[in-house]
Each structure stands twice: as C-alpha cells, then as structure tokens.
Amino acid sequence: MKHRISEFAVGLLFGIGLILSGMTDPGKVIGFLDLTGAWDPSLALVMGGAILVGVFAFALAQKRTTTFLGGALHLPGSRDIDKRLLTGSLLFGAGWGLAGFCPGPALVSLGGGEPKAAVFVLAMLAGMAIFEWSEGRVHDSKMSPRGP
C-alpha cells in the first residue's frame, strides 16, 4: 500500500508540473514548435529543466541496483542509434507536432476532460496495439522454420 501511495504522489506531482508548465496546452506546444512563425520559447525552459534533472537522475541510477522503493532497477542496455530508434523518434516528433500532445500531457488532459486528448490517447493506444501485433508477427516469422 505504501508503494501505491508513493506512486500516486509522484504521478500527481508530475501531472501538476505538466499543467503548470503548459505542456498540456496543445496550442502552447505547437507555438514552441513553430520556429518560423509566432515562436513561443517558454517550453525550452521546461525541456531544459527536464534534461538537467534527467542527467542527474540517470547518473544516480547507474550507481544503484534497486529503485528508491526497493524494486528492481532496469536501465536501457543499448546505446545504439539504429533504424528503429530513428523511426520511433520521427513518428513521436510528427505526432507531437501535429497534435500538440505527447503521451504524459495527453493523459493529464484526458483526465481533465479534454476531447482532443481523448482522440490522441485512442490513436496512441491503437498505434501501440499495431506495434505489438507487428512485433509479434516479426518474432513469429523469425521463430518458424523455413521451408526449402
């Protein structure tokens, strides 16, 4: 139960931070991405702060074997920049630029009753399902024996 309360508190803090920073406002996000128009640089501070926190958090995490709540700590093992990473990054960026949402802020906005967030979250879930389905097909085709 203690872990669930901690998870809720951290999620609530994260959601409040997203709201206060403007990340849940698609217009503000699209304004940040509009470099040739009415560019709004304020989200650069949010992103810079997140990167700074991330640098220190990952440095600390690399020295640990468990999470702060005692669970197993799983960090990414690969540092390769491959086709899958680049494709995923491009798809993420295109979706962010078109919709003005990324997954975290979309879920916070969905909780606030934003209809556009509901459409985004449904599309995101559909994309995740398609990915899982296609990964399963690739894995199955690699595992099945090939005929002559």
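Refer to the preceding data block for the structure.
1. Looking at the pattern of salt bridges
Piece 1. Applying the stated criterion across every chain, the model contains three salt bridges.
Piece 2. Where Arg 4 meets Glu 7, a salt bridge forms, and the shortest distance between an N and an O atom there is 2.5 Å. Taken as a pair, Arg 4 and Glu 7 lie in helix 1 (residues 2-21) at a separation of three residues, close to a single helical turn.
Piece 3. By relative accessible area, which is 57% here, Arg 4 ends up exposed.

2. Comments concerning the side chain of Ser 109
Piece 1. Looking at the secondary structure, you find Ser 109 in helix 5 (residues 103-111).
Piece 2. Ignoring sequence-local partners within four residues, the contact set of Ser 109 consists of Thr 24, Phe 101, Glu 114 and Ala 117.

3. So, a nonpolar patch on the surface
Piece 1. A cluster of nonpolar side chains, Phe 8, Leu 12, Ile 16 and Leu 20, forms an exposed patch at the surface whose accessible area comes to about 450 Å².
Piece 2. Within the secondary structure, Ile 16 is located in helix 1.

4. Description of the packing of helix 2 (residues 26-33) against helix 4 (residues 83-99)
Piece 1. Contact pair helix 2 / helix 4: the axes reach a minimum separation of 8 Å and the direction vectors enclose 120°. For the element pair helix 2 / helix 4, the angle class is oblique. Contacts between helix 2 and helix 4 involve Pro 26, Val 29, Ile 30, Phe 32 and Leu 33 from the former and Trp 96, Gly 97, Leu 98 and Ala 99 from the latter.
Piece 2. Residue composition of the contact of helix 2 with helix 4, by class: eight nonpolar, one polar and no charged.

5. Quick word on the packing of aromatic side chains
Piece 1. Under the definition given, this model contains two aromatic pairs.
Piece 2. Look at Phe 101 and Phe 120: their rings are 5.7 Å apart centre to centre, the planes differ by 50°, and that puts the pair in the tilted class. One end of the pair, Phe 101, is in the loop between helix 4 and helix 5; the other, Phe 120, is in helix 6 (residues 115-143), and 19 residues separate them in sequence.

6. A few points about the environment of Ala 94
Piece 1. On the secondary structure map, Ala 94 appears in helix 4.
Piece 2. Note on Ala 94: relative accessible area 39%, which makes it partly exposed.
Piece 3. On a C-alpha basis, the gap between Ala 94 and Leu 69 in space is 36 Å, while along the polypeptide they are 25 residues apart.

7. A look at helix 3 (residues 42-61)
What sets the pattern is the α-helix's 3.6 residues per turn: residues three or four places apart point alike.
Piece 1. Taking 1.5 Å as the rise per residue, helix 3 with 20 residues should run 28 Å; its terminal C-alpha atoms sit 29 Å apart, in good agreement.
Piece 2. Along helix 3, the residues classified as buried are Leu 43, Gly 54 and Ala 61. Burial along helix 3 is one-sided: seen end-on, the buried residues are contained in an arc of 35°. When the buried face of helix 3 is taken as reference, the exposed residues oriented beyond 90 degrees from it are Leu 45, Leu 52, Val 53, Val 55 and Phe 56.
Piece 3. Residues of helix 3 that are buried in the fold lie against helix 1 and helix 2.

8. As for the side chain of Ser 21
Piece 1. With respect to the helices and strands, the residue Ser 21 is situated in helix 1.
Piece 2. Polar side-chain contacts of Ser 21 include one of 3.1 Å to the backbone oxygen of Leu 18.
Piece 3. Within polar-contact distance, the side chain of Ser 21 engages the backbone nitrogen of Met 23 at 3.5 Å.

9. With respect to the packing of helix 1 against helix 5
Piece 1. At a closest axis distance of 10 Å, the pairing of helix 1 and helix 5 adopts a crossing angle of 95°. In terms of orientation, helix 1 lies roughly perpendicular with respect to helix 5. Facing Gly 15, Leu 18 and Ile 19 of helix 1, the residues of helix 5 in contact are Gly 104, Pro 105 and Val 108.
Piece 2. The residue makeup of the contact of helix 1 with helix 5, split by class, is four nonpolar, two polar and no charged.

The rules we used
- Residues numbered from 1 in each chain as written.
- Predicted model: local features only at pLDDT ≥ 70, side-chain atom pairs only at ≥ 80, totals over all residues.
- Heavy atoms only, no water.
- Salt bridge = Lys/Arg side-chain N within 4 Å of Asp/Glu carboxyl O.
- Helix = DSSP H or I, 4+ residues; strand = E, 2+ residues; numbered from the N terminus.
- Buried < 20%, exposed > 50% of the residue type's maximum accessible area, 1.4 Å probe, protein only.
- Contact = heavy atoms within 4.5 Å.
- Patch = residues over 30% accessible without salt bridge, like charges linked within 9 Å, V, L, I, M, F, W, Y side chains within 5 Å.
- Areas by Shrake-Rupley, 256 points an atom, 1.4 Å probe, with all protein chains shown as cover.
- Axes fitted to C-alpha atoms, helices over the stretch in contact; angles between N-to-C directions.
- Parallel < 35°, antiparallel > 145°, perpendicular 65-115°, else oblique.
- Nonpolar A, V, L, I, M, F, W, Y, C, P; charged D, E, K, R; others polar.
- Phe/Tyr/Trp six-rings, centres within 6.5 Å; stacked < 30°, edge-to-face > 60°.
- Expected span 1.5 Å × (residues − 1).
- Arc of directions from axis to C-beta.
- Polar contact = N/O pair within 3.5 Å; in protein donor to acceptor, adjacent residues only side chain to side chain.

Any functional reading would require information beyond the geometric quantities listed.
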